[in-house]
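# Coordinate inspection notes
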Amino acid sequence: MEELPKIIKGFTHTEYLTVFNAIIFGYVGAEYFQGWGSLIRNRKNIKIFWPHILWTIFSFTLFIQNWWGIWPRIRLIDESIFYFFYSLIPICLFHFISVVLFPDFKNDNEKVDMEEHFYDNTRILFGLFALYFVFTITSSFVYPDIGNVLVQNLIRTLGVILAGSAAYFSTNRTLHAIFLIIGYAALIWFFTVLP
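To keep things clear, this report deals only with the structure shown in the data block. (Residues numbered from 1 in each chain as written. Predicted model: local features only at pLDDT ≥ 70, side-chain atom pairs only at ≥ 80, totals over all residues. Heavy atoms only, no water.)

## Some remarks on the packing of helix α2 (residues 50–69) against helix α7 (residues 173–193)
Direction vectors running N to C along α2 and α7 enclose 20°, while the axes themselves pass 11 Å from each other. Comparing their axes, α7 and α2 come out roughly parallel. As α2 runs across α7, the sense of the crossing is left-handed. Contact residues: α2 offers P51, L54, W55, I57, F58, T61, L62 and Q65, while α7 offers F179, L180, G183, Y184, L187, F190 and F191. When its residues are assigned to classes, the contact of α2 with α7 shows 12 nonpolar, three polar and no charged. (Axes fitted to C-alpha atoms, helices over the stretch in contact; angles between N-to-C directions. Helix = DSSP H or I, 4+ residues; strand = E, 2+ residues; numbered from the N terminus. Parallel < 35°, antiparallel > 145°, perpendicular 65-115°, else oblique. Left-handed = near helix turned anticlockwise from the far one by under 90°. Contact = heavy atoms within 4.5 Å. Nonpolar A, V, L, I, M, F, W, Y, C, P; charged D, E, K, R; others polar.)

## A closer look at the pattern of salt bridges
Counting across every chain of the model gives two salt bridges. A salt bridge links K47 to D113; the shortest N-O distance between them is 4.0 Å. Residue K47 is found in strand β3 (residues 46–47), and its partner D113 is found in strand β4 (residues 112–113); the two are separated by 66 residues along the sequence. One salt bridge in this structure joins E115 and R173, with 3.1 Å as the shortest N-O distance. Taken together, the positions of E115 in helix α4 (residues 114–120) and R173 in helix α7 put the pair 58 residues apart, joining distant regions of the chain. The partly exposed category is assigned to E115, whose relative accessible area is 23%. (Salt bridge = Lys/Arg side-chain N within 4 Å of Asp/Glu carboxyl O. Buried < 20%, exposed > 50% of the residue type's maximum accessible area, 1.4 Å probe, protein only.)

Written out as structure tokens, the structure is:
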């Protein structure tokens, strides 16, 4: 059986696979910008809920951090199709998160209460966040990770606990305000331990 070439006319297999990942990342990033754009375009028909806006920013920042963090792992995506498919999971999770975060405006006159939208979707939203954080912990064992992996996994575990709690206490507004503050603090802490 003939082995696949690693380079075709100067274009490596890793670069070839990375292009697909980048296209998907770009698509998901566009979902966030489209969601924010829809909120701005429909602002006269929307009752803004600032915690929702802050969660969209948190989610997008986490999405960008994911893109930043895959750099040392990207060399493995051509090792096997398993690694390649595995690399697509967080991107898909962020797509689902963006779909849940932003309402689908069907017509220009539709009135939307973003607080109602947020609390109607908290179980799904924070369930997806919890799933993402579990995935990141698993990834630290699947890929050879860099930096202080123990501290990174402690912060990720905190993320699983917070997201799971937010999903369980889906309508408790006071707790959700506390979760938002702790979530941002944990995200900043995570940034400080990245290599």
